[in-house]
Amino acid sequence: MGIVLSAEPGEFRPGDDVLVRSDIVDHHHRTPWFIKGQRGRVLGVSGPFFDPETRAHGGTGVPKRLLYQVEFEQTQIWGDSYVEAENDVLIVDVYEQWLRPVTEG
């Protein structure tokens, strides 16, 4: 299930259910507002990249952070306002520091 594009170890693997942090931050980040607080599933690992949160405004971007492809159900994100096919999904690149494991119960 899923593709691993990097051999770098990370906290998550393809198939893992994750929750996107819902933090409101006043600094640069690349986590879209509409997936914050949403549950998704990891499809793949793109690899380590410079961290845009520390690289912005002249920072170094070090340490590098793992970037994941995470799949979200469109109806879960947009609710009743989503009028297309019920099984449509959205795939978003999300850095590891924005993801938390889903714990059942």
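Below you will find a few notes about this structure. All of these numbers come straight from a predicted model, not from anything done at the bench. (Residues numbered from 1 in each chain as written. Predicted model: local features only at pLDDT ≥ 70, side-chain atom pairs only at ≥ 80, totals over all residues. Heavy atoms only, no water.)

1. Concerning the side chain of Asp51
Looking at the secondary structure, you find Asp51 in the loop between strand S3 (39–49) and helix H1 (52–55). You can call Asp51 buried: its relative accessible area is 2%. Reaching out from Asp51, the side chain makes a polar contact with the backbone nitrogen of Glu53 at a distance of 2.9 Å. A distance of 3.2 Å separates a polar atom in the side chain of Asp51 from a polar atom in the side chain of Arg65. Asp51 has contacts with Gly61, Pro63, Arg65 and Gln97, leaving out every residue within four places of it along the chain. (Helix = DSSP H or I, 4+ residues; strand = E, 2+ residues; numbered from the N terminus. Buried < 20%, exposed > 50% of the residue type's maximum accessible area, 1.4 Å probe, protein only. Polar contact = N/O pair within 3.5 Å; in protein donor to acceptor, adjacent residues only side chain to side chain. Contact = heavy atoms within 4.5 Å.)

2. Looking at the packing of aromatic side chains
Going through the model one piece at a time under the given rule, you end up with four aromatic pairs. Note on Phe12 and Tyr68: the rings are 5.7 Å apart at their centroids and 75 degrees apart in plane angle, and the pair reads as edge-to-face. Note that Phe12 is positioned in the loop between strand S1 (3–4) and strand S2 (17–20) and Tyr68 in strand S4 (residues 65–73), a separation of 56 residues in sequence. Here the aromatic rings of Phe34 and Trp78 are separated by 5.3 Å at their centres, their planes lie at 35 degrees, and the arrangement is tilted. (Phe/Tyr/Trp six-rings, centres within 6.5 Å; stacked < 30°, edge-to-face > 60°.)

3. What to know about unusual backbone geometry
Omega for the bond connecting Val62 with Pro63 falls within 30 degrees of zero, at 5 degrees, which places this linkage in the cis form. By the secondary structure assignment, Pro63 is in the loop between H1 and S4.

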